[in-house]
Amino acid sequence: MRCQNDEVSRFQPAGIGRGAANQRRESIRGDLISWFDLADHTDRAYLAWMEELRLGLNAALFLGLFDYECHYAIYGSGAGYAKHSDVLNGARQRVLSTVLYLNEGWQEGDGGQLRLFDPTGDGVIATIQPEFGTMVIFLSEVFPHQVLTANRQRRSIAGWFRGRE
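**Quick word on the side chain of S156**
Turning to step 1, where the next piece is worked out: Topologically, S156 is positioned in strand β10 (residues 154-162).
Turning to step 2, where the next piece is worked out: Assessed through its relative accessible area of 2%, S156 is described here as buried.

**Focus on the nonpolar core**
Turning to step 1, where the next piece is worked out: By size, the foremost hydrophobic cluster in this structure holds 17 residues, and its most contacted members are F36, Y46, Y68, C70, Y72, I157 and F161.
Turning to step 2, where the next piece is worked out: Residue assignment for this core shows that the elements contributing at least two residues are α1 (41-61), β3 (67-75), β5 (94-101) and β10.
Turning to step 3, where the next piece is worked out: Ignoring sequence-local partners within four residues, the contact set of Y68 consists of Y46, L47, M50, T98, G159, W160 and F161.
Turning to step 4, where the next piece is worked out: Judged by nonpolar contacts, the second largest core, of 15 residues, contains I33, Y81, F138 and V147.

**Digging into the sheet that holds strand β9 (residues 145-147)**
Turning to step 1, where the next piece is worked out: Taken together, four strands build an open sheet; the order of strands is β4-β9-β6-β7 and the sheet is antiparallel. Strands with a single pairing partner mark the edges of an open sheet, and in this sheet they are β4 (81-84) and β7 (124-128). Taken pair by pair, the neighbouring strands of this sheet meet at an average axis angle of 10 degrees, ignoring direction.
Turning to step 2, where the next piece is worked out: Strand direction decides the pairing type here: β4 and β9, joined by two bridges, are antiparallel. Directly across from Y81, in β9, lies its bridge partner V147.

What counts, and where the lines are drawn
Residues numbered from 1 in each chain as written. Predicted model: local features only at pLDDT ≥ 70, side-chain atom pairs only at ≥ 80, totals over all residues. Heavy atoms only, no water. Helix = DSSP H or I, 4+ residues; strand = E, 2+ residues; numbered from the N terminus. Buried < 20%, exposed > 50% of the residue type's maximum accessible area, 1.4 Å probe, protein only. Core = buried A, V, L, I, M, F, W, Y, C linked by side-chain atoms within 4.5 Å. Contact = heavy atoms within 4.5 Å. Pairing = 2+ DSSP bridges. Axes fitted to C-alpha atoms, helices over the stretch in contact; angles between N-to-C directions.

In structure tokens, the structure reads:
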């Protein structure tokens, strides 16, 4: 499994913001991440699967999706991610956000749910259990979301289908 935190050098604390503005703020975001490695056959296989999905979404919905980026994310016990949008600094490149859960035997009391809010950010429209094999896809710019505090290690692949600027 490529999403284990036993490779300390591969997983790094996630930050918020881009470039020089990127900073670690555990009170907002507590996960460790590892970006996909094209040299790894497992990562390449997942990216090929997502490429097929990208082509299918473009054919069916005319979204103009250009590419896909993703990373593994591990939330330790006590970690979460405050309500946020996946659109960075006003850039509109991220069109669809995806999350694939890698947690076997997840129970409701384990926490770590993904909570999606309506476009105003006020009303909750869904709370999704991070159960193994479940994939969630939503409009990056439209739906604010948060990861509720995990009570045990929570693993996933977070990704974004992107359009051209």
